[in-house]
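Here are the chains, one letter per residue:
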Amino acid sequence: MGTPDQGGGAASPSSTPEIRIYGHSPIIYWWPIWAYGFVCAALTYVQGVPLMLPASPKPILVHPSAWVGLSFTLLLLLVIVATSVRARGLNALLLMALLAGAGVATYLVMNTPGLWVTPPNLLLHMNLAFYLMISSILFLVWFVIVFIVDRLSYLRVRGTQVERVQLFGSALGRAPESWSVLHIRLARYSDDLIAHKILALGFLGLGTSDIDAKLSIFGGGHEQFRVENVWKASTPLKAVQSAMGQKATVVI
């Protein structure tokens, strides 16, 4: 996430606004798994049938349709692939072709015309406890990382001062990287089809982006780095453009 923070102790003596740009780890894209897991749990709770297993002291609740478990598994695999392989440009087309080919291959190899209606050969049934446990743990991990851990590191722009802050490193005695810049160029890239556009809800006007930062430093020299998976990146980028004026080039 990226947010302009103003006021309080964060501002310089001249009341220069402080702008923070937060990057995120790929787990930010895992929210559909825990969200859909809770949906599957609700469906299983409402429509499930009790099943008594020989070694079980009590019946377990299972949804009668195998599509519930199959769809959850397919979503899990899709998110794993999408967050492990960046689908940019030609790679996006190749990834989509690969997923389509895998579906066609499954259909042909299993030779099951009814696979897409009722999957008789893919009886993936998870019980209510499975959905609740997986979704609850994943939600907790997702929340802690996205809203706590990821916010310990950020890019801070204040006046002509640019810093890469790592609060965990500061607690260990490491000072943040800091530069006084003549010019800063920030370019936003949100061309990952599945991660940026779909999983991050880019098609709804939200989405994430990667930001490339190029700094021209006082006294000579240049610095370049990338902040990945910035939520609604246009907001902090516009704030940088407004605060620094001609000293900043922002490509949105």
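Residues numbered from 1 in each chain as written. Predicted model: local features only at pLDDT ≥ 70, side-chain atom pairs only at ≥ 80, totals over all residues. Heavy atoms only, no water.

Colleague: Can you tell me about the pairing of strand β6 (residues 161–166), naming the residues and giving the values?
Modeller: Here six bridges tie strand β5 (residues 153–158) to β6, and the two strands are oriented antiparallel to one another. Considered in β6, the bridge of L155 is made with R164. Counting the residues in the hairpin turn of β5 and β6 gives two residues, including G159, whose phi is positive at 65°. (Pairing = 2+ DSSP bridges. Helix = DSSP H or I, 4+ residues; strand = E, 2+ residues; numbered from the N terminus.)

Colleague: Before we move on, could you go through the packing of aromatic side chains and cite the residues and values that matter?
Modeller: Taken as a whole and judged by the stated rule, the model has twelve aromatic pairs. Judged by centre distance (5.6 Å) and plane angle (80°), the ring pair of F72 and Y131 falls under edge-to-face. Placement of the pair is F72 in helix α2 (residues 66–84) and Y131 in helix α4 (residues 128–149), with a sequence separation of 59 residues. Owing to a relative accessible area of 1%, Y131 belongs among the buried residues under this scheme. Linked through ring pairs, W34, F38, F139, W142, F143 and F147 together constitute an aromatic cluster. The ring centre of Y22 lies 4.0 Å from the NZ or CZ of R151, which sits over that ring. It is R164 that lies over the ring of F225; its NZ or CZ is 4.2 Å from the centre. (Phe/Tyr/Trp six-rings, centres within 6.5 Å; stacked < 30°, edge-to-face > 60°. Buried < 20%, exposed > 50% of the residue type's maximum accessible area, 1.4 Å probe, protein only. Lys NZ or Arg CZ within 6 Å of the ring centre and 35° of its normal.)

Colleague: Quick rundown of the packing of helix α1 (residues 31–47) against α2? Include the residues and the values.
Modeller: At a closest axis distance of 10 Å, the pairing of α1 and α2 adopts a crossing angle of 175°. The orientation of α1 relative to α2 falls into the category roughly antiparallel. Across the interface between the two elements, P32, I33, Y36, G37 and C40 from α1 touch V68, S71, F72, L75, L76 and V79 from α2. (Axes fitted to C-alpha atoms, helices over the stretch in contact; angles between N-to-C directions. Parallel < 35°, antiparallel > 145°, perpendicular 65-115°, else oblique. Contact = heavy atoms within 4.5 Å.)

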